[in-house]
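Report on the structure
Okay, here's what each chain looks like letter by letter:
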Amino acid sequence: MNHLKIAKTPPMGWNSWDCYGATVTEEEVKGNADYIAKYLKPFGWEYVVVDIQWYEPGAVSSEYRPFVPLEMDEYSRLIPASNRFPSAKNGRGFENLGEYIHRLGLKFGIHIMRGIPRQAVHANTPILGTSVGARSIAHPNSICPWNTDMYGVDASKVGAQEYYNSLFELYAEWGVDFIKVDDIAASRIYTAHIPEIELIRNAIDNCGRDIVLSLSPGPAPLEHAEVLKKNANMWRMTDDFWDQWDLLYAMFERCEKWSEYVGVGNWPDCDMLPLGHIGIRSVDGGGSDRWTRFTKDEQITMMTLWSIFRSPLMFGGELRDNDDWTLSLLTNKEVLKMHKNCYNSKLVYRENDKIVWASKDEANTYVALFNATDETTTVSVTLKQLGITSSKIAIDLWESNESKTIEKVIEATIPAHGAKLLKLC
C-alpha cells in the first residue's frame, strides 16, 4: 500500500487526551463519537482516537503510574483494560468499539507507545510467528523518560519486524484506521527513532488495512523531514500543545519552517486543539478541569493558523459540553473548505509580530492577518505582495456577512492575539 494514497486531506477528528488523559472509558469514547456523527460529520470530522494507556486498568489522570501491571495477551501485545472497555472482554480487544464507530460512518484510532512492554520482556513472553521471546528483541537502554510501559525494539534483531507485524495485524482485526505512535518522532533523550519508524511502516504496509500513521511527540527534527514524509502521514512539530499563549505564539515559527513539507498524504502536525471543556481528568498543561484558557481572539488565531497551514485538526475537549461558540469554530464551512482544498500555504511577511499568511485554491486566494502583539493594532498587506494584479472582493470567513472591494491594500484593525481570515475572489 502507498500511504500517500490515504489522508489525501489533513485528518480531522477527536482525541481523548486533553480532557481525559490516560483514563478515558468506552462510554466516553462512544458519547463523543455520537456527537461527531450528529453534529460534525457533515463538515468532514471523522476520526475518533483513544489516546494513551487504554491497557492500564488503574489509570487515574494524565500522570502515569510507574511500573504497574498492564493488560497483555500471550504474544506480548497490549490489549484494552476490560474494566474501562467492557466490550473488550473475552479476547475481543477493540473490535466491538471499532464496529460501533464504523456504524456511525466514522473512523477509529488508537494511541500506542513505540516498543515492546517491559513486563513482556521481563517475562520473556512469546512473539507471534517466531521462536523468540520478547527479551531477544528489546533495546533496554532505549526508554521513554516520561512513561515506564515500554522498552524500545532493536530493529536489527530477529523477531523485531515480526513483533510489529503482529501488532498491526491485531489492530487491523480491530478495525483500526488511525494509529498515533508516541515517543518516536522525537524525545527528551533521543532524536527521531528512524529504525522503529521503518519497522512500523513495513508492518502497516503488510497488515491488509489502510491505516493513517501519526508520529509524536515533537518537535520532530527538520533534518529528518524526508524520512518522515516517506514513512508517515502526520508528525508533530511541537511538544504537547496546550491553551497557553506562549505556545501558540511559538507555533508561527514552527509553521514557517515546515510549510514547504505540507502536501497530499504528508501533514506536519501542530497538535491538538485544546478547546471547549478540557482537563476533566487530565492535569497536563498546567491546569485542571476547565474551559480553555484561550480568549476568543486566541481561539480564532489558532483555528486560522492551523487551517491555512493545513495542520490536521484534532479536537481535544469533551464534545458533548460544547457551547455554541465552540461548535461554530468547528463548523465554518468556508474555513474548512480552505483547509481541505488550499495549497501553496506560506508566510508572506512577519514584522514586529504583525504576520500575514496566504494560500490558494483553484478559484480563490486566502489571506490570514495575525496580530501576535499584546495590543490592538493594524495589520496590512498589498495585493502586489500577494501576486495579485487586479481588484478583488474580500470576504471575511469568520464574519461571513462582511465583504468589501479591495483595490490595492488589505488592512484590518485586529485585537491583541487576534486574526482576520479573508477569501479574495
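Since we're looking at a predicted model, the values are computed, not measured.

So, the UniProt feature "domain: Alpha galactosidase C-terminal" (unreviewed entry) in the protein chain
Under the local residue numbering, the UniProt record ascribes the feature "domain: Alpha galactosidase C-terminal" (unreviewed entry) to residues 352-424. Measuring from the first to the last C-alpha atom of residues 352-424 gives 25 Å, for a span that is 0% helix and 56% strand.

Comments concerning the sheet that holds strand β5 (residues 138-143)
Each strand in a sheet pairs with another by means of backbone hydrogen bonds, the pair being arranged parallel or else antiparallel. Ordered by their spatial adjacency, 3 strands build an open sheet running β4-β6-β5, and the pairing between neighbours is antiparallel. At either end of the open sheet lies a strand with only one pairing partner, and these are β4 (116-117) and β5. In terms of strand pairing, β4 meets strand β6 (residues 150-153) through 2 bridges, oriented antiparallel. Paired with Ile116 across the strands is Tyr151, a residue of β6.

Notes on the nonpolar core
With 124 residues, the main nonpolar core has Trp45, Ile110, Phe168, Leu215 and Trp306 as its most contacted residues. Ranked by residue count, the leading element in this core is helix α6 (residues 160-174), at 9 residues. The contacts of Phe168, once residues within four sequence positions are left out, are Ile112, Ile179, Ile200, Ala203, Ile204, Cys207 and Ile211. Val356, Val367, Leu369 and Ile388 belong to the second largest nonpolar core, which has 17 residues in total.

Some points on the packing of helix α10 (residues 296-309) against helix α12 (residues 333-341)
With their axes 7 Å apart at the nearest point, α10 and α12 run at an angle of 35° to one another. Judged by residue contacts, Trp306, Ser307 and Ile308 of α10 engage Val335, Met338 and His339 from α12. In terms of residue class, the contact of α10 with α12 is made up of 4 nonpolar, 2 polar and no charged.

A look at the packing of aromatic side chains
According to the stated counting rule, one finds 20 aromatic pairs in the structure shown. Among the aromatic residues, those joined into a cluster by ring pairs are Trp54, Tyr55, Phe85, Phe94, Phe108, Phe168, Tyr171 and Trp174. Between Arg350 and the ring centre of Tyr249, over which it is positioned, the NZ or CZ distance is 5.2 Å.

Side note on the pairing of β6
Bridge count between β5 and β6: 3 bridges; the pairing is antiparallel. Residue pairing for β6: Ala138 is matched across the bridge by Val153. Taken together, β5 and the strand that follows it, β6, pair antiparallel across an intervening segment of 6 residues.

Considerations on the pairing of strand β20 (residues 409-414)
Of the two faces of β20, the one holding Ile410, Ala412 and Ile414 is buried and the one holding Val409, Glu411 and Thr413 is not buried anywhere. Note that strand β17 (residues 377-382) and β20 share 6 bridges and pair antiparallel. Of the residues in β20, the one forming a bridge with Val381 is Ile410.

Calculation criteria
Residues numbered from 1 in each chain as written. Predicted model: local features only at pLDDT ≥ 70, side-chain atom pairs only at ≥ 80, totals over all residues. Heavy atoms only, no water. UniProt positions renumbered as here; feature names shortened; annotations may be inferred. Helix = DSSP H or I, 4+ residues; strand = E, 2+ residues; numbered from the N terminus. Pairing = 2+ DSSP bridges. Core = buried A, V, L, I, M, F, W, Y, C linked by side-chain atoms within 4.5 Å. Buried < 20%, exposed > 50% of the residue type's maximum accessible area, 1.4 Å probe, protein only. Contact = heavy atoms within 4.5 Å. Axes fitted to C-alpha atoms, helices over the stretch in contact; angles between N-to-C directions. Nonpolar A, V, L, I, M, F, W, Y, C, P; charged D, E, K, R; others polar. Phe/Tyr/Trp six-rings, centres within 6.5 Å; stacked < 30°, edge-to-face > 60°. Lys NZ or Arg CZ within 6 Å of the ring centre and 35° of its normal.

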